[in-house]
Amino acid sequence: RAEIPVFEGFGDSNLAWEPDMVVVGKVCSKDHEEVLAAQARGYELESFPSALGKLLLPERRPLVVSGTHGKTTTSTLVAWLLQASQAEPSWLIGGVPENLPRASHLGKGKGIVLEGDEYDTAFFDKQPKFLHYRPNTCILTSVEFDHADIYRDLDHVKESFRKLMGILPTDGLLVVRGDDEGAAEVATLAGCEVWRYGPGQAWDGRIEGVDTATGTMQFTVLRDGRALGTFSSCMVGEHNLYNQVAAAAAATRSGVTPEQLATGFA
């Protein structure tokens, strides 16, 4: 669709046009034929997240959605709410959003929504992808044991999220699920403002009802016990309620008003 030439197969000849950069995907091993060809030609290898961080993010304000579960859903929600508010965001989502034209988009605004994966990046870059994403605002949905092929145990997973907390700028914001034990623990290391969401937190949610005929949920987002707004959504259930609360909090930080949130959720 973008009319980018695609080479079929791998080999040194694919590099004959002398690209400026060689980006190597996670699927490639150190003995991959084209990896070896690139190294023989003297190219410094880049992972996709590192290339994204260097080439695109310095001029933007990244909003990174991280956590063991809920990243794709919440990333899509935030991108949609910002788009509906005319903020013209960019986004990169690790799934197929139903209500956005595609999973990646370069917008005219300064905001960019990134799904921040904790999985490692490339054979030469074993740190989590999200450490390349320069978060200004970060959502942290949960921290549980996952990816047993690269993480030894829960504390090893937490170690990666502790590093994420360490790169949050002092003028940034962490939106964290306050009743998730793992997320709450690593959030104590954030050196920026922290907004906690979830049952009984400063940002809370209340399901007002579900219309079984249309499959929609009416819910209220509460901030410090007061109603920020009451909205309608086709995403039902408690998990989706709090994903939407987190998205509403992050969007509010980005300047989205309750009225604009209502348009986005409608």
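My aim in this report is to walk through the structure given alongside it, one point at a time. (Residues numbered from 1 in each chain as written. Predicted model: local features only at pLDDT ≥ 70, side-chain atom pairs only at ≥ 80, totals over all residues. Heavy atoms only, no water.)

A few points about the overall build of the chain
When helices and strands are counted, the chain shows 7 helices and 14 strands. The C-alpha atoms of the chain give 20 Å as radius of gyration, which agrees with the globular expectation for 266 residues (18 Å, within 12%). With the C-alpha coordinates of the chain rotated into their principal frame, the extents come out at 60 × 40 × 35 Å. When each of the 266 residues of the chain is scored for burial, the buried share is 49%. A fraction of 54% describes how many contacts in the chain between residues 6 or more apart in sequence connect residues 24 or more apart. Carbon and sulfur atoms form 51% of the exposed surface of the chain, whose accessible area is close to 13300 Å². Between the mean site of the 24 positive side-chain charges and the mean site of the 36 negative ones, the chain shows a separation of 5 Å. (Helix = DSSP H or I, 4+ residues; strand = E, 2+ residues; numbered from the N terminus. Rg over C-alpha atoms; globule rule 2.2 N^0.38 Å. Buried < 20%, exposed > 50% of the residue type's maximum accessible area, 1.4 Å probe, protein only. Contact = heavy atoms within 4.5 Å. Areas by Shrake-Rupley, 256 points an atom, 1.4 Å probe, with all protein chains shown as cover. Lys, Arg positive; Asp, Glu negative; His and termini not counted. Charge placed at Lys NZ, Arg CZ, Asp CG, Glu CD.)

A word on the side chain of Asn 14
Locating Asn 14 in the fold gives a position in the segment before β1 (22-24). At 3.1 Å, the side chain of Asn 14 forms a polar contact with the backbone oxygen of Gly 9. Only 2.9 Å separates the side chain of Asn 14 from the side chain of Glu 34, close enough to count as a polar contact. (Polar contact = N/O pair within 3.5 Å; in protein donor to acceptor, adjacent residues only side chain to side chain.)

Here we look at the layout of surface pockets
A volume near 530 Å³ is recorded for the largest pocket. Around the largest pocket sit 19 residues that line it, and Phe 7, Leu 15, Val 22, Val 23 and Glu 34 are the ones nearest its centre. Elements with a minimum of two residues in the lining of the largest pocket: β1 and α1 (33-40). No other element matches the 3 residues that β1 contributes to the lining of the largest pocket. (1 Å grid on protein atoms, 1.4 Å probe; cavity = no way out; pocket = protein on both sides within 12 Å on 5 of 7 lines; lining within 4 Å. Points joined across faces, edges and corners; volume = space filled by probe spheres on them.)

Notes on the nonpolar core
Among the nonpolar cores identified, the biggest contains 33 residues, and Ile 139, Tyr 197 and Leu 261 are the most heavily contacted of them. Those elements that provide at least two residues to this core are β3 (61-66), α3 (71-84), β10 (173-177), β11 (193-197), β13 (216-223), α6 (238-253) and α7 (258-265). In terms of residues, this core owes the most to one element, α6, which gives 9 residues. Each residue touching Leu 261, except ones within four places of it in the same chain, is listed here: Leu 81, Leu 228, Phe 231, Ala 248, Ala 251, Thr 252 and Val 256. (Core = buried A, V, L, I, M, F, W, Y, C linked by side-chain atoms within 4.5 Å.)

Quick look at the pairing of strand β8 (residues 125-128)
Relative to β8, strand β7 (residues 120-122) runs antiparallel, the two being bridged by 2 bridges. The partner of Ala 122 across the bridge, within β8, is Asp 125. (Pairing = 2+ DSSP bridges.)

Examining the packing of aromatic side chains
What the rule picks out here adds up to 6 aromatic pairs. Between Phe 130 and Phe 161, the aromatic rings sit 5.3 Å apart at their centres with planes inclined by 50°, giving tilted as the arrangement. Of this pair, Phe 130 sits in the loop between β8 and β9 (137-140) while Phe 161 is found in helix α4 (residues 154-166), placing the two residues 31 residues apart along the sequence. By relative accessible area, Phe 130 is classed as buried at 0%. Relative to Phe 265, the ring of Phe 219 has its centre 5.2 Å away and its plane inclined at 85°; by these criteria the two rings are edge-to-face. (Phe/Tyr/Trp six-rings, centres within 6.5 Å; stacked < 30°, edge-to-face > 60°.)

Structural notes on the packing of α3 against α7
Their axes nearest at 8 Å, the elements α3 and α7 cross at an angle of 115°. In this structure, α3 meets α7 at a crossing whose hand is right-handed. Between α3, through Leu 77, Trp 80, Leu 81 and Ala 84, and α7, the contact on the second element is made entirely by Leu 261, Gly 264 and Phe 265. Looking at the contact of α3 with α7, its residues break down into 6 nonpolar, 1 polar and no charged. (Axes fitted to C-alpha atoms, helices over the stretch in contact; angles between N-to-C directions. Left-handed = near helix turned anticlockwise from the far one by under 90°. Nonpolar A, V, L, I, M, F, W, Y, C, P; charged D, E, K, R; others polar.)

Notes on helix α2 (residues 48-55)
All of the buried residues along α2 are Pro 49, Ser 50, Ala 51, Leu 52 and Gly 53. In this structure, the buried side of α2 is in contact with β1, β2 (45-47), β4 (90-92), β6 (111-115) and β7.

Examining the pattern of salt bridges
In the structure shown here, the tally under the stated rule is 13 salt bridges. A salt bridge links Asp 120 to Lys 26; its shortest N-O distance comes to 3.2 Å. Pair noted here: Asp 120 is in strand β7 and Lys 26 is in the loop between β1 and α1, with a separation of 94 residues, a long-range link. Owing to a relative accessible area of 34%, Lys 26 belongs among the partly exposed residues under this scheme. A salt bridge links Arg 60 to Glu 59; the nearest nitrogen and oxygen atoms lie 3.0 Å apart. One network of salt bridges, with partners in common, ties together Asp 155, Lys 158, Arg 162 and Glu 185. (Salt bridge = Lys/Arg side-chain N within 4 Å of Asp/Glu carboxyl O.)

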